[in-house]
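Below are the chains, spelled out letter by letter.
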Amino acid sequence: MSIHSPKLPLSINIVIPLFNDWEALTLLLQKFDQTVPPALLSRFAFLIIDDCSASDEFSCPKPSGSSLSILRLYRNVGHQKAIALGLAYLADQPEQYATVVMDGDGEDLPVDIIQLVNASVEQPDKIVFAHRSKRHEGPAFRFFYLFYKAIFRLLTGKVITFGNFSLVPAQLVRKLAHVSEIWNNYPGGIIRSRLPYTAIPIERGSRLAGTSKMNFVSLVLHGLSTVSVLMDTTAVRLALFSVLSIGISFVGIGVVAYLRIFTQLVVATWASYLIFSFFIVLAQAFLISLLLIFIVLNYRTQQFFLPAKQYRDFVERVDVIYAVNSVAPIA
């Protein structure tokens, strides 16, 4: 699909959450000018979500796209929540446009937006994610990331091979802003929402400046937040595992008791300890199952944060840095 196709969106909002990464953002905007064709770049309206950065060292280069605005937050809420607030802010605007969510460190390449746009033109009713076909992190990080994906699939039955880099069609922006789960985890919330989505293979780039804030602890917290979005499914799977443990314990107790009572086989003295161990496993599995049932029931009755309705509580102000034309206004 050519970038000159009349089917392309009239305007595309670019949402970039940021915390103290102003140097990387400046380099990223320069990369937009260098790699994105002008015909497509002129349709971009940038919305930077300033996650209550400690300093504002942003020196805006020459105008990239049609406009650039900075959404200032009262407090630091984290990467995922900043994305949710940005989407909620755009959903509250009179006009809706296709929206790209990307990181500001340069690992999401501006030129790859062309692939997302073309894929969205071919499947206009789906959110298009960038499936990471290649990563540039160290071996330890890649190992734990693969471990995280395996655990996620085991606990939820879902496969997650993508992150935040995505394109949301204009008609789905407001629907997505009413999905409370994106407050905890953006990709996990979309999986939970059952909004249609697809993924295309795109190689990940390298950070342009500074150091990554994603360490082992951050990765664990990110993984837990993703799993928590699908808490009810996870709880059911854990409950089934507990039931399986109970069944195995009953079988073990039955086998040991049968050998002891109904056969002439000499059963070792530790058989009684084995039966006692099976009883402990049985009791623990039963209590875990009972706890998970209450967790699921409580989860279904809770009223969660709704970004579309409550985002204003976090927004301090909106700074319009420039607006070249009125093709893609951000109010």
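Provided above is the structure to which this section pertains.
Residues numbered from 1 in each chain as written. Predicted model: local features only at pLDDT ≥ 70, side-chain atom pairs only at ≥ 80, totals over all residues. Heavy atoms only, no water.

1. Quick look at the overall build of the protein chain
Next, step 1: Scanning the protein chain from N- to C-terminus turns up 11 helices and 8 strands.
Next, step 2: Buried residues in the protein chain amount to 49% of all 331 residues.
Next, step 3: Considering only contacts within the protein chain whose residues lie at least 6 apart along the sequence, 82% involve residues at least 24 apart. (Helix = DSSP H or I, 4+ residues; strand = E, 2+ residues; numbered from the N terminus. Buried < 20%, exposed > 50% of the residue type's maximum accessible area, 1.4 Å probe, protein only. Contact = heavy atoms within 4.5 Å.)

2. A closer look at the side chain of Asn164
Next, step 1: With respect to the helices and strands, Asn164 occurs in strand β6 (residues 162–168).
Next, step 2: By relative accessible area, Asn164 is classed as buried at 9%.
Next, step 3: Of the polar contacts made by the side chain of Asn164, one reaches the side chain of Gln80; its length is 3.4 Å.
Next, step 4: Contacts of Asn164, omitting those with residues within four sequence positions, involve His79, Gln80, Ile83, Val101, Asp103, Tyr186 and Pro187. (Polar contact = N/O pair within 3.5 Å; in protein donor to acceptor, adjacent residues only side chain to side chain.)

3. Concerning helix α1 (residues 22–35)
Next, step 1: End to end, α1 covers 20 Å across 14 residues, agreeing with the expected 20 Å (1.5 Å per residue, within 8%).
Next, step 2: All of the buried residues in α1 are Trp22, Ala24, Leu25, Thr26, Leu28, Leu29 and Phe32.
Next, step 3: In this fold, the buried residues of α1 make contact with β1 (12–18), α2 (38–41), β2 (44–50), β3 (67–73) and α4 (113–122). (Expected span 1.5 Å × (residues − 1).)

4. A closer look at the pattern of salt bridges
Next, step 1: Tallying each qualifying case throughout the model produces 7 salt bridges.
Next, step 2: As a salt-bridge pair, Arg204 and Asp103 come within 3.9 Å of each other at their nearest N and O atoms. With Arg204 in the loop between β7 (197–202) and α8 (216–229) and Asp103 in the loop between β4 (98–101) and α4, this residue pair connects regions lying 101 residues apart in the sequence.
Next, step 3: Note on Arg204: relative accessible area 13%, which makes it buried.
Next, step 4: The class for Asp103 is buried, based on a relative accessible area of 11%.
Next, step 5: The partner of Arg317 in a salt bridge is Asp319, and the shortest N-O contact between them spans 3.0 Å.
Next, step 6: Linked through salt bridges whose partners overlap, the residues forming this network are Asp50, Arg72, Glu316, Arg317 and Asp319. (Salt bridge = Lys/Arg side-chain N within 4 Å of Asp/Glu carboxyl O.)

5. Here's the deal with unusual backbone geometry
Next, step 1: Unlike most non-glycine residues, Asn20 shows phi in positive territory, near 65°.
Next, step 2: Inspection of the secondary structure assignment puts Asn20 in the loop between β1 and α1.
Next, step 3: Residue class for Asn20 comes out partly exposed when judged on its relative accessible area of 30%.
Next, step 4: Positioned with a positive phi, Cys52 is a non-glycine residue whose angle comes to about 55°.

6. Some details on the pairing of β3
Next, step 1: Counting buried positions along β3 yields 7 of 7 residues, so the element is predominantly enclosed.
Next, step 2: Bridge count between β2 and β3: 6 bridges; the pairing is parallel. Directly across from Ile48, in β3, lies its bridge partner Ile70.
Next, step 3: Both β3 and strand β8 (residues 315–323) contribute to a ladder of 7 bridges, which runs antiparallel. Following the sheet pairing, Arg72 is matched in β8 by Arg317. (Pairing = 2+ DSSP bridges.)

7. Notes on the sheet that holds β7
Next, step 1: Strand order in this open sheet of 8 strands is β7-β5-β6-β4-β1-β2-β3-β8, and the pairing throughout is mixed. Single-partner strands in this sheet number two, and they are β7 and β8. Across the sheet, the mean angle separating the axes of adjacent strands is 25° when strand polarity is ignored.
Next, step 2: For strand β5 (residues 127–132) and β7, the ladder comprises 6 bridges, and the chain directions are parallel. By the bridge assignment for β7, His131 is matched with Pro201.
Next, step 3: Helix α7 (residues 186–193) contacts β4, β5, β6 and β7 of the sheet and is inclined by roughly 65° relative to β6. (Axes fitted to C-alpha atoms, helices over the stretch in contact; angles between N-to-C directions.)

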